[in-house]
Amino acid sequence: AQVAGSGVRTWTLWRLQSLEEDDMQAIVDRIEGDMAVLEVDGTKFMDVPLDEMPEGCAEGDVYEGGPGAWVKDDAEKAERLKTNADLMASLFKH
């Protein structure tokens, strides 16, 4: 949902949707002020207050779980970074 004129999705409205999903994968797309913008399961974006994310949350971090129960997945982040680096290398081969 959008707040008119602000461009900020409303976290409260998202929370009204099903919270039974506790096995989601979320990637921190970016930090905007006091909100983390998460790409969830590669299909949707949601804004989460930083104080509801694990301490040290940063762009590119990968989390498993769900709202209030995110667990950082460093192995998945490393794999994603390697895949991206390999793709970039293949694109710029001579």
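Our subject is the structure that appears above.
Residues numbered from 1 in each chain as written. Predicted model: local features only at pLDDT ≥ 70, side-chain atom pairs only at ≥ 80, totals over all residues. Heavy atoms only, no water.

Trainee: So what exactly am I meant to see when it comes to the environment of Glu 59 here?
Mentor: As for its position among the elements, Glu 59 is in the loop between strand E3 (44-49) and strand E4 (62-65). Residue classification places Glu 59 among the exposed positions, given a relative accessible area of 52%. Between the C-alpha atom of Glu 59 and that of Leu 38, which follows or precedes it by 21 residues, the distance is 9.2 Å. Setting aside its immediate chain neighbours within four residues, Glu 59 contacts Val 28, Asp 29, Arg 30, Ile 31 and Lys 77. (Helix = DSSP H or I, 4+ residues; strand = E, 2+ residues; numbered from the N terminus. Buried < 20%, exposed > 50% of the residue type's maximum accessible area, 1.4 Å probe, protein only. Contact = heavy atoms within 4.5 Å.)

Trainee: Is there a simple way to think about the environment of Val 28 in this case?
Mentor: As for its position among the elements, Val 28 is in strand E1 (residues 24-32). C-alpha of Val 28 to C-alpha of Met 46: the two residues are 18 residues apart in sequence and 9.8 Å apart in space.

Trainee: Whenever I open this one, the pattern of salt bridges confuses me. Can you help?
Mentor: Side chains carrying opposite charge are able to pair once their charged atoms draw close together. The tally for this structure, following the rule as stated, stands at 6 salt bridges. For Arg 30, the salt bridge goes to Glu 32, with nearest N and O atoms at 2.6 Å. Overall, Arg 30 belongs to the partly exposed group, its relative accessible area being 27%. The salt bridge partner of Asp 74 is Lys 72, with a shortest N-O separation of 3.8 Å. Asp 74 sits in the partly exposed class, given a relative accessible area of 48%. Residue classification places Lys 72 among the partly exposed residues on the basis of a relative accessible area of 40%. A cluster of three or more residues bridged by salt bridges with shared partners is formed by Asp 61, Lys 72, Asp 74 and Lys 77. (Salt bridge = Lys/Arg side-chain N within 4 Å of Asp/Glu carboxyl O.)

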